[in-house]
Amino acid sequence: MKISKTMASTINKQISAELSSAYLYLSMSAWFERENWRGCAHWMVKQANEEIAHAMKFFHFVVSRGGIVELEALPKPKSAWVTPKDVFTDAYEHELEVTKLINILVSKARKNEDTATELFLTWYVDEQVEEEDNTLEIVTTLEKVGDSKNGLVMLDRGLGKRE
Ligand code: OFO
């Protein structure tokens with residue numbers, strides 16, 4: 001069964017939201033580069049790439065169900081923060097917002113009796129649990145590290161190993 005216009009247009013908005021996430025994480029990466037936290041910058045580039053993959057998964061889903069993909073303009077992302085903890089706190093809060101969007105999508109799929117979309121979205125529901133957990137874990141570590149330069153250097157090194 002072809003995807004309905006309503007569902008396709010809702011997913012189109014989510015494609016833009018995922019690409020906006022990528023744009024935000026790239027902006028965070030640029031800030032970390034400026035501040036010379038190379039490991040954090042690397043982690044953010046990996047995160048941006050993941051977001052592009054999330055967008056593309058939606059993109060192919062709409063196309064494979066005979067829907068039309070229409071991309072929207074992306075908002076300019078925030079580009080300045082004060083500390084690494086501020087950046088990761090923003091990342092965590094951003095993921096909470098994305099989780100809300102995914103939950104709204106699930107509700108809409110149910111309302112439209114679109115089982116294929118509802119089942120497809122379970123991957124994103126699981127993914128959001130992981131996204132929230134990953135960013136919150138870093139925020140919590142940064143809270144423990146406080147102002148310790150050594151702690152920050154260690155954390156930066158660890159985040160630089162993300163594959
Ligand atoms: Fe696509 O999960 Fe983050 O935003």
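This text follows the structure it describes.
Now for a quick tour of the structure. Predicted model only: the values in this text are computed from it and were never measured.

### What to know about helix H1 (residues 5-34)
The α-helix winds at 3.6 residues per turn, so residues separated by three or four positions along the chain end up facing the same way.
Point 1. If you check H1, its first and last C-alpha atoms are 43 Å apart, about what 30 residues at 1.5 Å a residue would give, namely 44 Å.
Point 2. Just downstream of H1 lies Asn36, where phi reads positive at about 65°.

### Section: the pattern of salt bridges
Point 1. Counted according to the given criterion, the structure contains 6 salt bridges.
Point 2. Of the charged contacts, one joins Glu50 and Arg162 as a salt bridge, the two residues approaching to 3.2 Å between their closest N and O atoms. Separated by 112 residues along the polypeptide, Glu50 in helix H2 (residues 38-64) and Arg162 in the segment after helix H5 (149-159) bring together distant segments of the chain.
Point 3. Measuring nitrogen to oxygen at the nearest pair gives 3.2 Å for the salt bridge that ties Glu97 to Lys100. A residue pair is termed a helical-turn pair when its members lie 3 or 4 positions apart in one helix, as Glu97 and Lys100 do in helix H3 (residues 84-111) at 3 residues.
Point 4. Owing to a relative accessible area of 44%, Glu97 belongs among the partly exposed residues under this scheme.

### Some thoughts on the packing of H3 against helix H4 (residues 115-145)
Point 1. Running from N to C, H3 and H4 cross one another at 165°; their axes reach a closest spacing of 9 Å. Between H3 and H4, the interaxial angle falls into the category roughly antiparallel. Crossing hand, H3 versus H4: left-handed.
Point 2. By residue class, the composition of the contact of H3 with H4 is 17 nonpolar, 5 polar and 7 charged.

### Topic: the environment of Thr135
Point 1. One can find Thr135 in helix H4.
Point 2. Looking at Thr135, its side chain comes within polar contact range of the main-chain oxygen of Glu131, at 2.8 Å.

Procedures and definitions
Residues numbered from 1 in each chain as written. Predicted model: local features only at pLDDT ≥ 70, side-chain atom pairs only at ≥ 80, totals over all residues. Heavy atoms only, no water. Helix = DSSP H or I, 4+ residues; strand = E, 2+ residues; numbered from the N terminus. Expected span 1.5 Å × (residues − 1). Salt bridge = Lys/Arg side-chain N within 4 Å of Asp/Glu carboxyl O. Buried < 20%, exposed > 50% of the residue type's maximum accessible area, 1.4 Å probe, protein only. Axes fitted to C-alpha atoms, helices over the stretch in contact; angles between N-to-C directions. Parallel < 35°, antiparallel > 145°, perpendicular 65-115°, else oblique. Left-handed = near helix turned anticlockwise from the far one by under 90°. Nonpolar A, V, L, I, M, F, W, Y, C, P; charged D, E, K, R; others polar. Polar contact = N/O pair within 3.5 Å; in protein donor to acceptor, adjacent residues only side chain to side chain.

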